[in-house]
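Listed below, chain by chain, are the residues.
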Amino acid sequence: VVDGCIRDTESIRRMDFPVYSHDVTPAAGTYESPGRVGEPITVGPEDVRIAAGDLLCGDDDGVVCCALSCGKEGDVTQWLEQLVMEAEKIQKREQEVLRHVTEGTPL
């Protein structure tokens, strides 16, 4: 996940390596610092906090951070199962809306 732009997207796709970014650019980046590993960061226009161990899920529509630290009250597995159930509910509602739009029926 890149909080900025990337280039060489064709090469990245051929490697079958998932990379998600704000945008693409033909310009080469600049070297500002060697970076850090394992430290919390904030990304995006809404300053989403990401920490080591958080679960990132991405596709062509975007990236979601499932902050595992939010599940510290109890079992993380149970928390993730609840998160998946909620996401499936949203997906079902969206499929229903799409069906209505495709059929031309009122929502």
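Conventions and cut-offs
Residues numbered from 1 in each chain as written. Predicted model: local features only at pLDDT ≥ 70, side-chain atom pairs only at ≥ 80, totals over all residues. Heavy atoms only, no water. Helix = DSSP H or I, 4+ residues; strand = E, 2+ residues; numbered from the N terminus. Rg over C-alpha atoms; globule rule 2.2 N^0.38 Å. Contact = heavy atoms within 4.5 Å. Areas by Shrake-Rupley, 256 points an atom, 1.4 Å probe, with all protein chains shown as cover. Salt bridge = Lys/Arg side-chain N within 4 Å of Asp/Glu carboxyl O. Buried < 20%, exposed > 50% of the residue type's maximum accessible area, 1.4 Å probe, protein only. Polar contact = N/O pair within 3.5 Å; in protein donor to acceptor, adjacent residues only side chain to side chain. Lys, Arg positive; Asp, Glu negative; His and termini not counted. Pairing = 2+ DSSP bridges.

Q: What is the right way to read the overall build of the protein from this model?
A: Of the regular secondary structure elements, the protein holds two helices and six strands. Moving toward the C terminus, one meets the helices and strands of the protein in the order β-α-β-β-β-β-β-α. Computed over C-alpha atoms, the radius of gyration of the protein comes to 18 Å, more than 25% over the 13 Å expected from 2.2 N^0.38 for 107 residues, which places it beyond the range of a compact globule. Its C-alpha atoms put the protein at 55 × 40 × 25 Å along the principal axes. Sequence separation of at least 24 residues holds for 12% of the intrachain contacts in the protein that already meet a minimum separation of 6. On the protein, roughly 9100 Å² of surface is accessible, and the fraction owed to carbon and sulfur atoms is 54%.

Q: Even after reading the chapter, I still don't get the environment of glycine 4, so can you show me in this structure?
A: Tracing the backbone through its elements, the reader meets glycine 4 in strand S1 (residues 2-6). The spatial distance from the C-alpha of glycine 4 to the C-alpha of tyrosine 20 is 9.3 Å, given a sequence separation of 16 residues. When residues no more than four places from it in sequence are discounted, the contact partners of glycine 4 are Ser21, His22 and Asp23.

Q: Looking at this structure, how should I read unusual backbone geometry?
A: Excluding glycine, residues mostly carry a negative phi; peptide bonds, for their part, are mostly trans. For aspartate 8, which is not glycine, the phi torsion reads 60 degrees and is therefore positive. Within the element layout of this structure, aspartate 8 appears in the loop between S1 and helix H1 (9-14). In this model, aspartate 16 sits at a positive phi of 55 degrees, which is unusual for a non-glycine residue. When you line up the elements, aspartate 16 lands in the loop between H1 and strand S2 (21-24).

Q: What's the story with the pattern of salt bridges in this structure? I'm lost.
A: As a working rule, side chains carrying opposite charge can pair if their charged atoms are close by. Within this structure, the stated rule accounts for five salt bridges. For arginine 99, the salt bridge identified is with glutamate 96, shortest N-O distance 2.4 Å. In this pair, arginine 99 and glutamate 96 both sit in helix H2 (residues 76-103), three residues apart, roughly one turn of the helix. Where glutamate 103 meets arginine 99, a salt bridge forms, and the shortest distance between an N and an O atom there is 2.9 Å. Here arginine 99 and glutamate 103 lie together in helix H2, a separation of four residues that amounts to about one turn. Here the salt bridges do not stand alone but share partners, grouping Glu96, Arg99 and Glu103 into one network.

Q: Please clarify how the side chain of histidine 100 should be interpreted in this entry.
A: Note on placement: histidine 100 falls in helix H2. By relative accessible area, which is 17% here, histidine 100 ends up buried. Only 2.7 Å separates the side chain of histidine 100 from the side chain of threonine 105, close enough to count as a polar contact. Excluding residues that lie within four positions of it along the chain, histidine 100 makes contacts with Thr105, Pro106 and Leu107.

Q: Mind showing me how you'd approach the side chain of aspartate 54 here?
A: Examined against the element boundaries, aspartate 54 turns out to sit in the loop between strand S4 (48-50) and strand S5 (55-59). An unpaired buried charge is present at aspartate 54: no salt bridge exists, and arginine 49, the closest side chain of opposite charge, is 5.6 Å distant. Separated by 2.8 Å, the side chain of aspartate 54 and the backbone nitrogen of alanine 51 make a polar contact.

Q: Before we go on, may I ask you to explain the pairing of strand S6 (residues 62-66) in this structure?
A: The two faces of a sheet get side chains in turn, since along a regular strand they alternate between them. Strand direction decides the pairing type here: S5 and S6, joined by five bridges, are antiparallel. Looking at S6, one finds that aspartate 59 is bridged to glycine 62.

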